[in-house]
Amino acid sequence: MAIRHRYSIGIHGGAGDRPASPAQAGRIRESLRTTLEEGGARLAAGATALDTVVHCTRLLEDDPLYNAGYGSVPNSAGRFELEACVMDGQPLKAGAVTYVEHIRNPVELARRIMEKTPHVMLAGRGADDFAAANGIATVSQAYFQEGWGKYGRADENGYGTVGAVARDCAGNLAAATSTGGQKGKRPGRVGDSPLVGAGTYADNAGGAVSCTGWGEDFIRTALAAYLGFLIARQGLEAHTAARIAIEYLVTKVNGNGGFVLVDKTGSIAAAQSSAYLHCGWIEHGAEPKTALCAPLRIARAED
Ligand code: ASP
């Protein structure tokens, strides 16, 4: 008989240094809670970790509170270029998309690339063509302009990348991350979120992680893979691995950001070097918890 495990799920809505307004913070916590409850209910009913992280990331992409999907932030040319990645920890398969301007839910496209092509990542026009041929919903740039304008978000610094990690009742792990990237980024800039091993990683032998923050810091430290290897190769549990990894991010590159992580036993950890990490989790099927700061924070040196 198959061994049944209790499920766990962790999600985030971005890291940054400026506090959300009290009204915004209330909305974010409510939205994270609703998303967690939905993800938890699905996992409890037997959904896979992969289905669940894609579903939860999609919900967050559709919410203009976040810098992903509908609420994505513009680049320096005023255009919206979106990115996403999904990784399934059982077969170690991944799909990713970058530099797309017309995909409503980049996480759905990333999943389709993983499942329907021999590739991991598609970009730009090739990604758009693949999306059109595979029934992925497309939108105009006006859709993102509208989302970005909601709740007065256009006046903000624009953090709010989203991500989800989960362990399902069969013990499989998955991770997903989606973003509009840095506000005012150079056109064509690629961040950590769509890069396997930088912003996103999942391996059943280790853990599943989704990162957020200054993407270049996570790329240079290969932080998501570093976390996965710490657990898989050194047998560490989530909290110990999270502490080592966030210290590594800060000591190596004075990196700015954070992550949520689930290990193969279902323990959840969230850590940050930024002032805020909007996050939430359900650990081993218990009550949902949301927070504006991760339980673990390592301060950076003054920039
Ligand atoms: N990591 C994302 C990027 O650099 C942005 C973020 O997480 O806020 O594109």
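Remember, predicted model here, so these are calculated numbers, not experimental data. (Residues numbered from 1 in each chain as written. Predicted model: local features only at pLDDT ≥ 70, side-chain atom pairs only at ≥ 80, totals over all residues. Heavy atoms only, no water.)

Moving on to the pairing of strand β10 (residues 268–272). When you tally the buried positions in β10, you get five out of five residues, the bulk of the element. Residues Ile268, Ala270 and Gln272 of β10 are buried on one face, and the alternating residues Ala269 and Ala271, pointing to the opposite face, are buried as well. Examined bridge by bridge, strand β9 (residues 257–263) and β10 share five bridges and lie antiparallel to one another. Along β10, the bridge assignment pairs Gly258 with Gln272. In textbook terms, the turn of a hairpin is the stretch between consecutive antiparallel strands, and for β9 and β10 this stretch comprises four residues, one of which, Gly266, has a positive phi near 95°. Sheet topology note: the β10/strand β13 (residues 296–297) ladder contains two bridges and is parallel. Residue Ala271 lies in a different strand from β13, and its bridge partner there is Leu296. (Buried < 20%, exposed > 50% of the residue type's maximum accessible area, 1.4 Å probe, protein only. Helix = DSSP H or I, 4+ residues; strand = E, 2+ residues; numbered from the N terminus. Pairing = 2+ DSSP bridges.)

Here we come to the pairing of strand β11 (residues 276–282). Most of β11 is tucked away: six of the seven residues are buried. As judged from the six bridges shared by strand β1 (residues 8–16) and β11, these two strands associate in the antiparallel manner. Paired with Ala15 across the two strands is Leu277, which belongs to β11. Two elements, β11 and strand β12 (residues 289–291), share three bridges in a ladder whose sense is antiparallel. If you follow Trp281 over to β12, its bridge partner there is Lys289. Once β11 ends, the chain turns through six residues before running back antiparallel as β12, passing His284 with a positive phi of about 50°.

Turning next to the packing of aromatic side chains. Here the structure, examined in full by the defined rule, presents five aromatic pairs. Seen from their ring centres, Phe80 and Phe144 are 6.1 Å apart, and the 40° between their planes marks the pair as tilted. In this pair, Phe80 sits in the loop between α2 (49–61) and β2 (82–88) while Phe144 sits in helix α5 (residues 141–149), placing the two residues 64 residues apart along the sequence. You'll find Phe80 and Phe144 in the same group, each marked buried. Between Tyr226 and Tyr248, the ring centres sit 4.1 Å apart and the planes meet at 15°, which makes this aromatic pair stacked. Taken together, the positions of Tyr226 in helix α7 (residues 223–234) and Tyr248 in helix α8 (residues 238–253) put the pair 22 residues apart, joining distant regions of the chain. (Phe/Tyr/Trp six-rings, centres within 6.5 Å; stacked < 30°, edge-to-face > 60°.)

Further remarks concern the site of the ligand. Surveying the vicinity of the ligand reveals the residues Thr161, Gly181, Gln182, Arg189, Asp192, Ser193, Thr212, Gly213 and Gly215. At 2.7 Å from an oxygen atom of the ligand is found a side-chain nitrogen or oxygen belonging to Arg189. Backbone polar atom of Gly215 to an oxygen atom of the ligand: 2.9 Å apart, as the coordinates give it. Contact with the protein chains covers 96% of the free accessible surface of the ligand, which is 270 Å². According to the grid-proximity analysis, the pocket containing the ligand is the largest pocket. Residue classes in the shell around the ligand are distributed as no nonpolar, seven polar and two charged. (Near = heavy atom within 4 Å. Polar contact = N/O pair within 3.5 Å; in protein donor to acceptor, adjacent residues only side chain to side chain. Areas by Shrake-Rupley, 256 points an atom, 1.4 Å probe, with all protein chains shown as cover. 1 Å grid on protein atoms, 1.4 Å probe; cavity = no way out; pocket = protein on both sides within 12 Å on 5 of 7 lines; lining within 4 Å. Sits in = over half its atoms within 2 Å of the grid points. Nonpolar A, V, L, I, M, F, W, Y, C, P; charged D, E, K, R; others polar.)

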